[in-house]
Amino acid sequence: MILVTGGAGFIGGNFVLDWLDSLDEPIVNLDKLTYAGNLETLASLAGDPRHVFVQGDICDRDLVGRLLAEHRPRAILHFAAESHVDRSIHGPGEFIRTNVEGTFVLLEAARAYWQSLDPAGRESFRFHHVSTDEVYGSLGPDDPPFAESHPYEPNSPYSASKAASDHLVRAWHHTYGLPVITTNCSNNYGPFHFPEKLIPLMIVNALAGRPLPVYGDGRNVRDWLYVRDHCSAIRAVLAGGRLGETYNVGGWNEKPNVEIVMTICGLLDEMRPDPAGPYARLVTYVADRPGHDRRYAIDARKIERELDWRPVETFESGIRKTIEWYLAHSGWVANVQSGAYRDWVATNYASR
Ligand code: NAD
Ligand code: TYD
């Protein structure tokens with residue numbers, strides 16, 4: 001049995017589905033169901049005894065302690081977070097609460113539980129912290145990609161809160177011996193991605209004939225990884241990663257935003273042509289994000305060398321699968337575009 005936090009979100013949800021696709025080991029899934037959590041993502045698991053869903057907050061120490069005592073997991077996989085940079089600019093408080101305080105509460109509960117285990121249980125227990133490449137800050141055009149030894153230089157409230165959580169995880173290992181491992185991954189994309197992030201936003205806006213808002217000059221670079229490749233990386237690290245280590249996970253796939261948007265437009269022209277004309281007509285340059293990191297790139301050689309992990313999807317295969325998924329799941333998209341979603345779109349885009 002493993003305990004997953006944030007397993008109704010984008011990556012956590014894909015991880016739960018991916019895990020139960022290939023293994024029979026049950027999951028307790030603790031998720032608060034914020035705007036980003038969606039049980040529809042897990043609808044295919046209805047009635048499956050291998051998945052126990054608990055709606056609750058990682059900041060709730062009593063609840064986390066009770067879940068650990070009751071289910072006795074061999075590992076905690078910590079995905080739960082506030083994850084959207086633009087939201088962190090408009091309201092950083094929730095990022096500090098969930099990402100920093102929530103990780104602290106979870107570490108303390110994990111420590112008490114781990115200390116209560118017998119020697120064999122203590123030896124095999126793992127606390128896996130899922131983090132981001134954004135903690136390393138921004139690269140210049142000719143800088144080498146982020147290695148695990150890169151200094152932490154977070155620039156947004158989101159990345160600062162994730163950096164703080166990474167430091168707590170590291171400290172709980174060095175001070176208390178808690179068996180932790182951290183992965184720092186690049187930008188994910190794929191099915192069940194909430195349409196506030198670049199790729200799903202561009203797909204759903206294009207299909208609705210709405211503007212495709214590109215921040216600044218559109219030349220900011222991200223490294224993109226198909227979400228199921230991130231899931232396989234986490235499984236590899238959980239199985240064979242060295243305690244106290246961090247592993248960078250990426251797709252060797254650096255692309256400027258405008259190229260991503262144009263690729264999506266071109267594929268939609270082929271897969272769902274719009275009688276009104278090519279989707280690229282909808283591209284609209286808007287005011288830049290404050291403090292917008294220019295470039296992220298991941299050096300993923302450590303996880304490849306030590307754990308023989310590398311991504312299966314290329315960007316070309318992954319983005320095609322992703323668009324096919326959105327075309328086939330218009331009901332999922334319509335359901336997440338609730339009143340609260342419309343409020344966010346108004347907050348973020350009206351003044352750009
Ligand atoms: P997401 O925003 O889609 O999902 C977050 C989930 O956490 C939601 O289901 C939400 O309900 C839950 N949650 C939020 N606050 C909670 C709380 N206090 N208690 C319990 N549950 C809570 O995020 P995501 O994109 O799936 O990211 C998952 C993790 O991966 C995060 O830690 C993020 O920092 C990290 N990460 C994301 C990316 C990316 O590209 N999305 C890349 C690298 C790392
Ligand atoms: P995002 O998906 O928010 O991920 P992150 O900021 O964590 O990398 O954004 C990816 C890139 O796309 C980032 O450089 C900001 C840019 N972007 C836009 O140009 N327009 C948009 O509407 C959004 C949401 C993002």
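Now for a description of the structure that goes with this document. (Residues numbered from 1 in each chain as written. Chains lettered and ligands numbered in written order. Predicted model: local features only at pLDDT ≥ 70, side-chain atom pairs only at ≥ 80, totals over all residues. Heavy atoms only, no water.)

A look at the pairing of strand β6 (residues 180-185)
Counting buried residues in β6 gives six out of six residues, a clear majority hidden from the surface. Both faces of β6 are covered, namely the face carrying V180, T182 and N184 and the face carrying I181, T183 and C185. Here six bridges tie strand β5 (residues 126-132) to β6, and the two strands are oriented parallel to one another. Across the sheet, F127 pairs through a bridge with V180, a residue of β6. Each parallel crossover has a hand, and for β5 linked through helix α6 (residues 157-176) to β6 it is right-handed. (Buried < 20%, exposed > 50% of the residue type's maximum accessible area, 1.4 Å probe, protein only. Helix = DSSP H or I, 4+ residues; strand = E, 2+ residues; numbered from the N terminus. Pairing = 2+ DSSP bridges. Right-handed = clockwise from strand over helix to strand, strands pointing away.)

A few points about the packing of aromatic side chains
Counted under the stated rule, the structure contains 20 aromatic pairs. Between Y136 and Y152, the ring centres sit 5.5 Å apart and the planes meet at 80°, which makes this aromatic pair edge-to-face. In this pair, Y136 is assigned in the loop between β5 and α6 and Y152 in the loop between β5 and α6, connecting sequence segments 16 residues apart. Ring plane angle 70° and centroid distance 5.7 Å describe the contact between Y189 and Y226, whose orientation is recorded as edge-to-face. (Phe/Tyr/Trp six-rings, centres within 6.5 Å; stacked < 30°, edge-to-face > 60°.)

Here we look at the environment of D18
Positionally, D18 belongs in helix α1 (residues 10-22). For D18 and R228, which are 210 residues apart along the polypeptide, the C-alpha to C-alpha distance reads 7.2 Å. Those residues in contact with D18 that sit more than four places away from it in its chain are R228, C231 and R235. For D18, the side chain forms a polar contact with the side chain of R228, separated by 3.1 Å. Separated by 2.8 Å, the side chains of D18 and R235 make a polar contact. (Contact = heavy atoms within 4.5 Å. Polar contact = N/O pair within 3.5 Å; in protein donor to acceptor, adjacent residues only side chain to side chain.)

Observations regarding the site of ligand 1
The environment of ligand 1 is formed by 28 residues, the closest being I11, D31, S83, Y158 and K162. Interatomic distance of 3.0 Å between a backbone N/O atom of I58 and a nitrogen atom of ligand 1. At the level of elements, α1, β5, α6 and β7 (187-189) are the ones that each hand at least two residues to the shell around ligand 1. The residue inventory of the shell around ligand 1, partitioned by class, reads twelve nonpolar, twelve polar and four charged. (Near = heavy atom within 4 Å. Nonpolar A, V, L, I, M, F, W, Y, C, P; charged D, E, K, R; others polar.)

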